[in-house]
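Structural features, examined
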Number of protein chains: 2
Amino acid sequence: MSTINLAIVGVGKIVRDQHLPAVAGNADYRLVAAASRNGRVEGIDNFGTIGDMLQAVPSIQAVSLCMPPQYRYAAAVQALEAGKHVFLEKPPGATLSEVEDLAARAAANDVSLFASWHSRYAPAVEAARTFLAGTRIRAMRVAWKEDVRQWHPGQDWIWQPGGLGVFDPGINALSIVSRILSQPVFATEATLEFPENRDAPIAALIRFTDATGLDLLAEFDWRQTGPQNWDIEAETEAGPMRLSEGGAKLTVDGQLLHAEPEQEYPMLYRRFAELIRAGRSDVDLAPLRHVADAFMLGRRKVVEAFHD
Amino acid sequence: MSTINLAIVGVGKIVRDQHLPAVAGNADYRLVAAASRNGRVEGIDNFGTIGDMLQAVPSIQAVSLCMPPQYRYAAAVQALEAGKHVFLEKPPGATLSEVEDLAARAAANDVSLFASWHSRYAPAVEAARTFLAGTRIRAMRVAWKEDVRQWHPGQDWIWQPGGLGVFDPGINALSIVSRILSQPVFATEATLEFPENRDAPIAALIRFTDATGLDLLAEFDWRQTGPQNWDIEAETEAGPMRLSEGGAKLTVDGQLLHAEPEQEYPMLYRRFAELIRAGRSDVDLAPLRHVADAFMLGRRKVVEAFHD
C-alpha cells in the first residue's frame, strides 16, 4: 500500500504531544507539510495558511485539522473541495450544523471525513462496552473533574463562545458514554456554571436518561485541585463497574479486568488510514449533540470569576 | 382510501386554534380520542394520560403530540412502540438526541414520524424558495419580533429550561430560512438575552453564514409592542426580496408576487396523511439544530426581569 501524504494544520500543544508522535510511528503516512499561524514543525515545509499550503504542495492527500474548533469549518471546506481527506480533532466544529455540511461535502467530493473522538480509543472502553452489553444497568455516574490551570494553561479560546469551557474535556466523557451504552441517552436536565467574567462554563451537572428510564448523572468540573477524576461508574446486576483514568482501567466488582498503556492517537491514525483506504467517512456527532442539548436545556448559574 | 383514526394528546391553545379545525376539515381523518392533563375535546372519549388512552382505544392509528416539548419524548415512545404513527408539534422535542432516538424507533416499528414545522407551509414560502434559487443573495436579514404577553399569555413552560423562550417563535423563522435557502447555513456568533428572573432568553441576535460567505443576521425579540414583525428580507442580484407576515406575503423589487390566505395546519395534516400512506417519515432537525447551536455558541447577557 502506498503511503498517504499528510499535512497538519494548527500546530499547538496537542499536535506536539500527540499527533506528531502518532504519525511518526505509523508507516501509512508521510508528513509533508504543516500550516499554522504561530507553530512550526521542524524538517518539513511550513505555511501561514492552509490555502497557501494546498496551493504550494499539491501532493498532499490528507490533512489533520487541529486548530480551535471556531476556525475548523473554513479550513475543512478548503481541504474537502480540493479533494483531500480530512481528520478533525475533537470537537469537530463550533456548531453541529457546520459539521453536517462538512459530512455532505465529503460525500460529494468522494473523500473521507473523520470526526475523531480520541477517548473512545482509550484501552478499556471496548471491554466496558462488552461488559455492559451483558448485564442490566441500575445507575451510572460520570465524574470528569480536573484542574483547568494544569491542563489548559493560558488557552484563551477555550473560554470564548464556541470554546465549550468544561465541555472540552467533558465531551471526552460523553464520547465514551455514547460508545459503551447500547441504548441512546439524552439529557433531561442540566445546570451550567459560568464564571462571571467568562463566556463558557467552568462546571456542569447533567442528568441523562434513555427510553428504559436509565439514571445517569454526569458531573464536569474544572476547579478540581489535588487528585484528578476521569471516572465512569455503573451499578449493574453483575456488580459495580468502574471505568477510570479516562477509560484506561476497568474494574468489575473490585477485580481489575483491563489496564493497558494508552494508544489513543496511534489508534486514531490507524482508523483514519483504514477509512481512507475503504473510501468511507466516520462522523458521529452524538458527543457534540449532547453538549448542544445541555446548553439548550441547561439552567445557567453565574459563579465567581476565574483568573488563569 | 380508508380514514385514519387519530388521537390528540395535550389539549391546549394550539390544539383548539389549529389542530381541531384542520382535522375536522380533512376527510382523511376520524378524530377518535384525546388525552390531556387539563384540556378536553367535546364529543369524543377523553383520557388523563396517553397510556390509558392507547389501552382503552386500540383502534387509534395515529397520534398528534401537542404537549410542551419537555414531555413529548415519553409520549412519543409509547405511541411508536404501540405501532402508532406520530405527528410532533414544533419543536419536536427538548433535545436533538431524543428526537434522533424517536426517528430510529419509528423506523424500527415501521410507522411514520412527522416532525412538523408549520411555518414552512406558509403561503409564500415555496415561491420565495423558487425566487432565491434563481438569483444570488448578497445579504439576508430575519426579524421575528412579537409581544410575548399577547402571543404566550401565562405559558410558564416556555420560560423554563427546554422551553426555548424567544426561540419558540424564532424556530419558525429558522424553519423557513432552512427551507428557502439552497445552501445549508450555520451560526457563527450569537447573543442571547436572559431576563434575570427567567431560564430562557427573551431576545437573541444570531449571525449565520454558509460556505460561500453569506451574510445572514437573525434578530428575535419578545419585547415588541405595537406592530409585530415576522419578516425575512434579502438583497439579491434580482432586487430586494421581502417575505413578510410569517411567510404569508412575498414582494420582489416592490412588486407583490404572492399573497394567499394561510393554510398551514390543513397542509400539515395533508402531509401527515401522505407520509402515513407512503410508509415514510419526515424528521428534519435543522431548525432545532440551529437553536441548539445558538445556545452552545452564544454569549449570554442578563437583562431586566420579565413579569407576565
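Looking up chain A in an unreviewed UniProt entry gives the name Gfo/Idh/MocA family oxidoreductase, with the organism given as Luteimonas viscosa.

We now examine the packing of aromatic side chains. Per the stated rule, a full pass over the model turns up 24 aromatic pairs over all chains. Arranged with centres 6.3 Å apart and planes meeting at 20°, the rings of Phe114 of chain B and Phe272 of chain B form a pair that is stacked. Here Phe114 of chain B, found in strand 6 (residues 113-115), pairs with Phe272 of chain B, found in helix 8 (residues 264-278); they are 158 residues apart in sequence, far enough to count as distant. We note that Phe114 of chain B, like Phe272 of chain B, is buried. Aromatic ring contacts, followed pair by pair, group Tyr29, Phe87, Phe114, Tyr269 and Phe272 of chain A into a single cluster. Sitting above the plane of the Tyr71 of chain A ring, Arg37 of chain A keeps its charged end 5.9 Å from the centroid.

Residues and elements named next belong to chain B. Its 15 residues give helix 8 an end-to-end C-alpha distance of 21 Å, which sits within 8% of 21 Å, the value for a rise of 1.5 Å per residue. Within the span of helix 8, buried status applies to Glu264, Tyr265, Leu268, Tyr269, Arg271, Phe272, Ala273, Leu275 and Ile276. In this structure, the buried residues of helix 8 make contact with strand 1 (4-9), helix 1 (13-24), strand 2 (29-35), strand 4 (62-65), strand 5 (85-88) and strand 6. Taken from the residues just after helix 8, Gly279 is the one with a positive phi, measuring 65°.

Residues and elements named next belong to chain A. Considered domain by domain, chain A is made up of domain 1 (4-115) and domain 2 (119-263 + 292-303). The interface of domain 1 with domain 2 comprises nine residues on the first partner and 14 residues on the second. Of the roughly 800 Å² buried between domain 1 and domain 2 on both sides combined, carbon and sulfur atoms contribute 59%. Of all residues in domain 1, Gln70, Lys90 and Pro91 bury the most surface against domain 2, accounting for 49% of the area lost on that side. The tally of links from domain 1 across to domain 2 stands at four residue pairs in polar contact (both at pLDDT 80 or more). By residue class, the composition of the side of domain 1 that touches domain 2 is five nonpolar, two polar and two charged.

A few words now on the pattern of salt bridges. Between side chains of opposite charge, pairing is possible as soon as their charged atoms come close. A full pass over the atoms with the stated rule returns 42 salt bridges over all chains. With a shortest N-O distance of 3.1 Å, Arg223 of chain A and Glu193 of chain A are connected by a salt bridge. Placement of the pair is Arg223 of chain A in the loop between strand 10 (216-221) and strand 11 (229-236) and Glu193 of chain A in strand 8 (residues 186-195), with a sequence separation of 30 residues. For Arg223 of chain A, a relative accessible area of 40% translates into the label partly exposed. In this structure, the salt-bridge partner of Glu245 of chain B is Lys249 of chain B, at a minimum N-O distance of 3.7 Å. A cluster of three or more residues bridged by salt bridges with shared partners is formed by Glu81, Asp101 and Arg105 of chain A.

Rules used in this analysis
- Residues numbered from 1 in each chain as written.
- Chains lettered and ligands numbered in written order.
- Predicted model: local features only at pLDDT ≥ 70, side-chain atom pairs only at ≥ 80, totals over all residues.
- Heavy atoms only, no water.
- Phe/Tyr/Trp six-rings, centres within 6.5 Å; stacked < 30°, edge-to-face > 60°.
- Helix = DSSP H or I, 4+ residues; strand = E, 2+ residues; numbered from the N terminus.
- Buried < 20%, exposed > 50% of the residue type's maximum accessible area, 1.4 Å probe, protein only.
- Lys NZ or Arg CZ within 6 Å of the ring centre and 35° of its normal.
- Expected span 1.5 Å × (residues − 1).
- Contact = heavy atoms within 4.5 Å.
- Domains from an automatic or database assignment.
- Buried area = accessible area lost by both parts, 1.4 Å probe.
- Polar contact = N/O pair within 3.5 Å; in protein donor to acceptor, adjacent residues only side chain to side chain.
- Nonpolar A, V, L, I, M, F, W, Y, C, P; charged D, E, K, R; others polar.
- Salt bridge = Lys/Arg side-chain N within 4 Å of Asp/Glu carboxyl O.

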